[in-house]
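# A structural walkthrough
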Amino acid sequence: MSAPAAPATPGSRPVRLGLIGHGKLGAVHARHIAACPDTELAAVCDSEPAALVTAAEHGVPVTTDLDGFLAMPFDGVVIASSTQAHAGHILAAARAGKAIFVEKPVCLTLQDTDRVLQEVVDAGVPFQIGFQRRWDSRYLHAKRIIDSGGIGEPVLFKTHGRDPDASNPANWGLDRNGGLFLNCAIHDFDAARFLLGREVRAVTATGAALVHKGLRDKGDIDTCSATLHLDGDTMALTEWSRYATYGYDIAMEVVGTEGMVQFGRERGEAVLVRPSTRDGASVFDVFGDAYRDSVEAFAASIAGGTPTSPGVEDARTALHIALAARRSFETGRSVPVKALPPLTRGGAAVPAPRGARPPEVLARRQDGQAGNGAYPRPDDGRTAVPLTDGGG
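For every chain, the first residue of the written sequence is number 1, and numbering continues from 1 along that sequence. Per-residue local features are limited, in this predicted model, to residues with pLDDT of at least 70; the limit for side-chain atom pairs, both in listing and counting, is 80 or more; totals at the level of whole chains, interfaces and linings are taken over all residues. Excluded from the side-chain calculation are hydrogens and water; included are all heavy atoms of the structure.

This next bit is on the overall build of the protein. Numbering of helices and strands runs from the N terminus, with a helix taken as a DSSP run of H or I at least four residues long and a strand as a DSSP run of E at least two residues long. Counting its secondary structure elements, the protein contains 11 helices and 15 strands. Here, Shrake-Rupley sampling with a 1.4 Å probe gives the accessible areas, and only protein chains in the shown set may cover a residue. Counting only carbon and sulfur atoms, one obtains 53% of the accessible surface of the protein, whose full area is about 16000 Å².

Two aromatic rings are characterised by how far apart their centres lie and by the angle between their planes. Two rings belonging to Phe, Tyr or Trp (six-membered ring only in the last case) form a pair when the distance between their centres is within 6.5 Å. Interplanar angles under 30 degrees mark stacking, angles over 60 mark edge-to-face geometry, and anything in between is tilted. Here the structure, examined in full by the defined rule, presents eight aromatic pairs. Centre to centre, the rings of Tyr 139 and Phe 263 are 5.0 Å apart; their planes meet at 75°, and the pair counts as edge-to-face. Of the two residues, Tyr 139 sits in helix 6 (residues 137–147) while Phe 263 sits in strand 12 (residues 259–263), which places them 124 residues apart along the sequence. When accessible area is computed with a 1.4 Å probe and restricted to protein chains, residues below 20% of their type maximum are described as buried, those above 50% as exposed, and intermediate ones as partly exposed. Classification of Phe 263 by relative accessible area gives buried; the value is 11%. Ring geometry for Phe 284 versus Tyr 291: centroids 5.9 Å apart, planes at 40°, classification tilted. For Phe 284, a relative accessible area of 26% translates into the label partly exposed. Residue class for Tyr 291 comes out buried when judged on its relative accessible area of 4%. Pairwise contacts between aromatic rings join Tyr 139, Trp 240, Tyr 248, Phe 263 and Phe 287 into one cluster. Taking NZ or CZ as reference, Lys 143 lies 5.2 Å from the ring centre of Phe 194, over its face. Note on geometry: a ring has a charge over it if NZ (lysine) or CZ (arginine) is within 6 Å of the ring centre and within 35 degrees of the ring normal.

Pairing within the open sheet is mixed, and its seven strands lie in the order 12-11-7-10-9-8-13. The open sheet has two free edges, formed respectively by strand 12 and strand 13 (335–336), since each of these has just one partner strand. We treat two strands as partners when DSSP finds at least two bridges between them. Sheet analysis places strand 7 (residues 154–162) next to strand 11 (residues 249–256), joined by eight bridges and oriented antiparallel. Residue pairing for strand 11: Gly 161 is matched across the bridge by Ile 250. In what follows, a contact means two residues having at least one pair of non-hydrogen atoms within 4.5 Å. Only the stretch in contact is used when fitting a helix axis, every axis being a line fitted to C-alpha atoms; angles between N-to-C directions are given from 0 to 180 degrees. Set on the sheet, helix 7 (residues 179–196) makes contact with strand 7, strand 8 (200–208), strand 9 (223–230), strand 10 (234–241) and strand 11; between it and strand 10 the angle comes to about 150°. Together, strand 8, strand 9 and strand 13 form the strand contacts of helix 10 (residues 312–331), whose direction differs from that of strand 8 by roughly 50°.

This part is about the sheet that holds strand 6 (residues 127–129). Overall, parallel pairing links the six strands, which are arranged 3-2-1-4-5-6 in an open sheet. Both edges of this open sheet fall to strand 3 (62–63) and strand 6, since each of them pairs with a single strand only. The pairing of strand 2 (residues 39–45) with strand 3 spans two bridges and is parallel. Across the sheet, the residue bridging to Val 44 is Val 62, located in strand 3. Against the sheet, helix 9 (residues 288–304) engages strand 1 (15–20), strand 2, strand 4 (76–79), strand 5 (99–102) and strand 6, with an angle of about 130° to strand 1.

Turning to the environment of Ile 302, a few remarks are in order. Here Ile 302 shows up in helix 9. A relative accessible area of 6% places Ile 302 in the buried class. Expressed as a C-alpha distance, the spacing of Ile 302 and Gly 76, which sit 226 residues apart in the sequence, is 7.9 Å.

We now examine helix 9. Here a helix's expected span is defined as the number of its residues, less one, multiplied by 1.5 Å. Along its 17 residues, helix 9 runs 24 Å from first to last C-alpha, staying within 8% of the 24 Å computed at 1.5 Å per residue. In terms of burial, helix 9 is largely enclosed, as 16 of its 17 residues are buried.

What follows concerns the confidence of the model for the protein. Each residue carries a pLDDT value, the predictor's own confidence for that position, ranging from 0 to 100. Per-residue confidence for the protein gives a mean pLDDT of 87; residues scoring 70 or more make up 84%. Below a pLDDT of 50 lies the segment residues 1–7, which in the model reaches 18 contacts outside its immediate sequence neighbourhood of four places, other chains included. Taken as a whole, residues 347–391 scores under 50 in pLDDT and shows 124 contacts with residues more than four places along the chain or in a different chain.

Another point: the packing of helix 7 against helix 10. Angle between the axes and distance between the axes: these two values describe a pair of packed helices. With their axes 9 Å apart at the nearest point, helix 7 and helix 10 run at an angle of 120° to one another. The angle between helix 7 and helix 10 places the two elements in the oblique class. The interaxial crossing formed by helix 7 with helix 10 has right-handed handedness. Side by side, helix 7 and helix 10 meet where Phe 181, Leu 182, Ile 186, Phe 189, Asp 190 and Arg 193 of the first sit next to Asp 314, Thr 317, Ala 318, Leu 319, Ile 321, Ala 322, Leu 323, Ala 325, Arg 326 and Phe 329 of the second. Looking at side-chain class alone, the contact of helix 7 with helix 10 contains 11 nonpolar, one polar and four charged residues. Here roughly perpendicular refers to angles of 65 to 115 degrees, roughly parallel to angles under 35, roughly antiparallel to angles over 145, and oblique to all remaining angles. Take the far helix as your reference; a near helix turned counterclockwise from it by less than a right angle gives a left-handed crossing, and one turned clockwise gives a right-handed crossing. Only Asp, Glu, Lys and Arg are considered charged in this grouping, and only Ala, Val, Leu, Ile, Met, Phe, Trp, Tyr, Cys and Pro are considered nonpolar; every other residue, Gly among them, is considered polar.

Attention now goes to the nonpolar core. Here, nonpolar core means buried Ala, Val, Leu, Ile, Met, Phe, Trp, Tyr and Cys residues that are tied together by side-chain atoms lying within 4.5 Å of each other. Counting residues in each nonpolar core, the largest one holds 85 residues, and the members touching the most others are Ile 100 and Phe 127. Sorting elements by how many residues they give to this core places helix 7 first, with 12 residues. Domain extents, as shown, originate in an automatic or database domain assignment. Counting only domains with at least three residues in this core, you end up with domain 1 (13–125) and domain 2 (134–284). Each residue touching Phe 127, except ones within four places of it in the same chain, is listed here: Ile 100, Val 102, Val 106, Leu 117, Val 120, Thr 308, Pro 310, Gly 311, Val 312 and Ala 315. Counting residues in hydrophobic clusters, the runner-up holds 19 residues, among them Leu 19, Leu 52, Ala 55 and Val 60.

Quick look at the structure:
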């Protein structure tokens, strides 16, 4: 195993990042890395030669050779490959001593996730999971209000997420992307923990294939709702669907004992109608800044030697909740969510600082305004698995 790369000295040079997977989301990450003055895109790896044609526009080495890619002198790797390829890419990066940023989920079972993340913990490399909501200005603003006591004790979290489509049918299947709970609703399960600062103890979920009926044959659904019971007598109500023909749509509110905070829903007495449109918002429009800032924060952690967030335990816990939600849907029963013992290295618990914020990243968000883009932008083993992107 290679020794972990020494962190860059803050201000000495940009943090150099390699990218695995140049699909839709991978291309977004590549542009953000290349545009940020504190990071540098070092190389791109994809098993599909066609994807490397577009990656070549960045003027960096592009390759289908994963071993050769990981032998290059860069600090960390951003993994935006298909879900079923994550495990192999994470293990290869950890063994090469690279810091790791990976899109969710790590794997599709908790057993496989723990096997992979144990190697990451043992390798001692920084790890960050791609729950971009934690870096979105609206969620961060709501978090500050909640933590300041501005709405009293938070007791109810309500949210919805609506995707314009159910992805390519060729990618359907619980064995390919984990289904609606693991591929989409998992974001809101993590957001509930993040905003409320509480742990989930039980989940009850239901769902159906209402529009994309072919999902039924795959054991999957296009609509789901889940009720999460958390510590401290708090609840979360989440809804996800994948047929929002008017465009990608999210909304969130937290109700407290002395008020509430929300975004995403128009206020007033007017009746709102959103007709179908071919040019509706995409997830990259809604979370463009958050995608950028999550990777920028990852680079800042590498440069400064500070903890990454959300990290190993957040990745495990969100999957644990999502799997429980799927079991609840399948059985029609509420499923308890037991606390996971933390993965350890050398017998000591690995820190999992939820909510840690590198100061240089947080500084951009001190304008105190909600809304994506409310803060300044900075200068505006080899696998044969296709490296494509999931939803969410």
